[in-house]
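Chain residues, written in single-letter form:
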Amino acid sequence: MSDRKKVAFYTLGCKLNFSETSTIARNFTDEGFDRVDFEEVADIYVINTCSVTENADKQFKQVVRKAMKLNDKAFVAAVGCYAQLKPEELAAVDGVDLVLGATEKFKITDYINDLSKNDMGEVHSCEIEEADFYVGSYSIGDRTRAFLKVQDGCDYKCTYCTIPLARGISRSDALENVLKNAKEISEQNIKEIVLTGVNIGDYGKGEFGNKKHEHTFLELVQELDKVEGIERLRISSIEPNLLKNETIEFVSKSRTFVPHFHIPLQSGSNEILGKMKRRYQREIYTERVNKIKEVMPHACIGVDVIVGFAGETDEHFLETYNYLNEMNISYLHVFTYSERDNTEAADMPGVVPANVRSKRSKMLRGLSVKKRRAYYESQIGTTRTVLFENENKEGYITGFTENYVKVKTPWNPELANTLHEVTLTKIDDDGLVRMEFVNVAKKMKK
């Protein structure tokens, strides 16, 4: 009977959080803990929180309740963005024993001494100005892809966003460390790495603890392209003003970077972009999309958009809708604006009623379905490379092409985590794409 303590993790929010949870989990394993699934009975439950959406707050309470149901004597720790922004609020949630802010979360094992339940959550959070050092991390959640963190924090002051308050100033991992992490990942037979951060286009700033850019995002991309053993590299989300033409050109000719970009727009109205204090106007966005499509006509372009921002009239919204409708993009991530404490936008006039926000959100989600369908249709008949996932979904195995088309084929466990050249044949009833193997005998090597 092992007397090793068991620890379980739950991650809310973004890919960056997933990469950090993995790193924290490895720290626990190094300290002699056994990691178990969150659905299992554990001695410690660690919840990595998010502050971006209204629901993240509610979800946190649900996750704590779930942990307490599994073991009401378990020690519960909250880390992450929400823990930095509202530590007292989280500490007051029934069952929470420890709340760690932005600088403390990677030292969590130092704070866990006797594991006895506290009457009230203990808080260790810093002034966010102190979050000026960098902790590199990467996640290996499923076997097919890993999230590699290259940057943290943000110097932008968008009026709706709490991330600078939750994560501090923009700072980057040293290039050699990113390359070392990428090598470690490639040695574990992981075929795809997704680059992640808060504002990855700002990479290089604060690499040596100062504001000087030692390296640029383009140099990072060029160096990663040389790492042996990685089949695919994907850029997660990058600001339009920081996605330079040189980077787009490089990706189009690169060995491993895939033709898939996710570029936040937030609004198609220059007036609203101004109120949001975004660092570009719509025209820049159009230029970027046109440039990508010029050098990679088959590229997939995803867009983040916020509806119901303070002062967004019907005219502003229609401007966004029509702009996106006309743009050669592939899908949308639609966010319904929600007011956050300590942000400039929370006090702005022109509050949009909740039912109007919800209606606008529905309209854009509908547009996204239409856009994705049109994009998939444009890819039928082409030959692509698919990386298969390792999950059996109702008798099918799914995977993504390099340009982010989701395909399915009857379940075959031998396909999991392998790359194959396929021809896309038709769109199935569930919206996924059917395919035929180009050469079943030959494993595709790019």
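Structure shown above.
Thresholds applied
- Residues numbered from 1 in each chain as written.
- Predicted model: local features only at pLDDT ≥ 70, side-chain atom pairs only at ≥ 80, totals over all residues.
- Heavy atoms only, no water.
- Salt bridge = Lys/Arg side-chain N within 4 Å of Asp/Glu carboxyl O.
- Helix = DSSP H or I, 4+ residues; strand = E, 2+ residues; numbered from the N terminus.
- Buried < 20%, exposed > 50% of the residue type's maximum accessible area, 1.4 Å probe, protein only.
- Core = buried A, V, L, I, M, F, W, Y, C linked by side-chain atoms within 4.5 Å.
- Contact = heavy atoms within 4.5 Å.
- Phe/Tyr/Trp six-rings, centres within 6.5 Å; stacked < 30°, edge-to-face > 60°.

### Section: the pattern of salt bridges
Once their charged atoms are close, side chains differing in charge can pair, the charge on each being opposite to the other.
Stage number 1. The full count for this structure, using the stated rule, is 33 salt bridges.
Stage number 2. Here R167 makes a salt bridge to E20, at a shortest N to O gap of 2.9 Å. Residue R167 is found in helix α6 (residues 163-167), and its partner E20 is found in helix α1 (residues 15-30); the two are separated by 147 residues along the sequence. Like R167, the residue E20 is buried in the burial classification.
Stage number 3. Linking K408 and D430 is a salt bridge whose minimum nitrogen-to-oxygen distance equals 2.9 Å. In this pair, K408 sits in strand β18 (residues 406-410) while D430 sits in the loop between β19 (419-427) and β20 (433-437), placing the two residues 22 residues apart along the sequence.
Stage number 4. The class of K408 is buried, set by a relative accessible area of 8%.
Stage number 5. Take D430: its relative accessible area is 46%, and that puts it in the partly exposed class.
Stage number 6. Sharing partners across several salt bridges, the network here consists of E20, K105, K149, D152, R167 and R171.

### Comments concerning the nonpolar core
Stage number 1. Ranked by size, the top nonpolar core spans 49 residues in total, and within it L148, L195, L220, L224, I292, L324 and L364 carry the most contacts.
Stage number 2. With five residues, helix α7 (residues 175-186) is the single largest residue contributor to this core.
Stage number 3. Residues in contact with L224, not counting those within four places in the same chain, are V178, L179, A182, L195, L233 and F257.
Stage number 4. In this structure, F38, M68, A83 and V93 belong to the second largest nonpolar core, which totals 24 residues.

### Observations concerning the packing of aromatic side chains
What characterises a pair of aromatic rings is the spacing of the ring centres plus the angle enclosed by the ring planes.
Stage number 1. In total, this model carries eleven aromatic pairs according to the counting rule given.
Stage number 2. Ring centres 6.2 Å apart and planes at 85° place the aromatic pair Y160 and F309 in the edge-to-face group. In this pair, Y160 is assigned in the loop between β9 (151-152) and α6 and F309 in the loop between β14 (300-307) and α12 (314-326), connecting sequence segments 149 residues apart. We note that Y160, like F309, is buried.
Stage number 3. An aromatic cluster is present here, built from F9, F28 and F33 joined pairwise through their rings.

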